[in-house]
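Observations on chain architecture
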Amino acid sequence: MERMTVLIGGVVQGVGYRHFTRARALELGLVGYAENLSDGRVEVVAEGSRADLEHLLHHLRQGPRGSRVNQLEVQWSEATGLRGFQIF
């Protein structure tokens, strides 16, 4: 299992981005969280198989209707055993 940490910039707050992310992650059986950051970005941390995480990353690049992703930074590491998928 792997962990993917993604920082997403653009029009990603106030457009349902975190709820969109949670729905896609749960469909893929991933765990983690999505959180609005004070600088206007969204941070997504997800754990699962590399293939499922890459599938989520594809969705994160698209975002929900009304969003516009201008920046996406990804870091990979070992999973730490998160549970569920939270929105902060």
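So, a few notes on the structure that sits alongside this text. Only a predicted model underlies this, so the values are computations on that prediction, with no experimental measurement involved. (Residues numbered from 1 in each chain as written. Predicted model: local features only at pLDDT ≥ 70, side-chain atom pairs only at ≥ 80, totals over all residues. Heavy atoms only, no water.)

Things to note about the environment of glutamine 13
- Relative to the helices and strands, glutamine 13 resides in the loop between β1 (2–11) and α1 (17–27).
- By relative accessible area, which is 31% here, glutamine 13 ends up partly exposed.
- Distance in space between the C-alpha atoms of glutamine 13 and glutamate 54 is 22 Å, their sequence separation being 41 residues.
- Filtering out sequence-adjacent residues up to four positions away, glutamine 13 remains in contact with Asn36, Leu37, Gly40, Arg41 and Val42. (Helix = DSSP H or I, 4+ residues; strand = E, 2+ residues; numbered from the N terminus. Buried < 20%, exposed > 50% of the residue type's maximum accessible area, 1.4 Å probe, protein only. Contact = heavy atoms within 4.5 Å.)

Describing the pairing of β1
- Across the 10 residues that make up β1, a large majority, 7, are buried.
- In the sheet, β1 pairs with strand β3 (residues 42–48) via 7 bridges, with the strands oriented antiparallel. Pairing of arginine 3 across the sheet is with glutamate 47, part of β3.
- Examined bridge by bridge, β1 and strand β4 (residues 68–78) share 10 bridges and lie antiparallel to one another. Bridge assignment links valine 11 to a residue of β4, and that residue is arginine 68. (Pairing = 2+ DSSP bridges.)

Side note on the side chain of threonine 21
- Its place among the elements puts threonine 21 in helix α1.
- With residues near it in sequence (within four places) discarded, threonine 21 still touches Ala34, Val44, Leu56, Leu60 and Phe85.

What to know about the sheet that holds strand β5 (residues 85–87)
- Ordered in space as β4-β1-β3-β2-β5, the 5 strands form an open sheet in which the pairing is mixed. At either margin of the open sheet sits one strand with a lone partner, and together these are β4 and β5. Across the sheet, the mean angle separating the axes of adjacent strands is 15° when strand polarity is ignored.
- Pairing geometry for strand β2 (residues 31–36) and β5, over 3 bridges, is parallel. Looking at the pairing, alanine 34 lines up with isoleucine 87 of β5. (Axes fitted to C-alpha atoms, helices over the stretch in contact; angles between N-to-C directions.)

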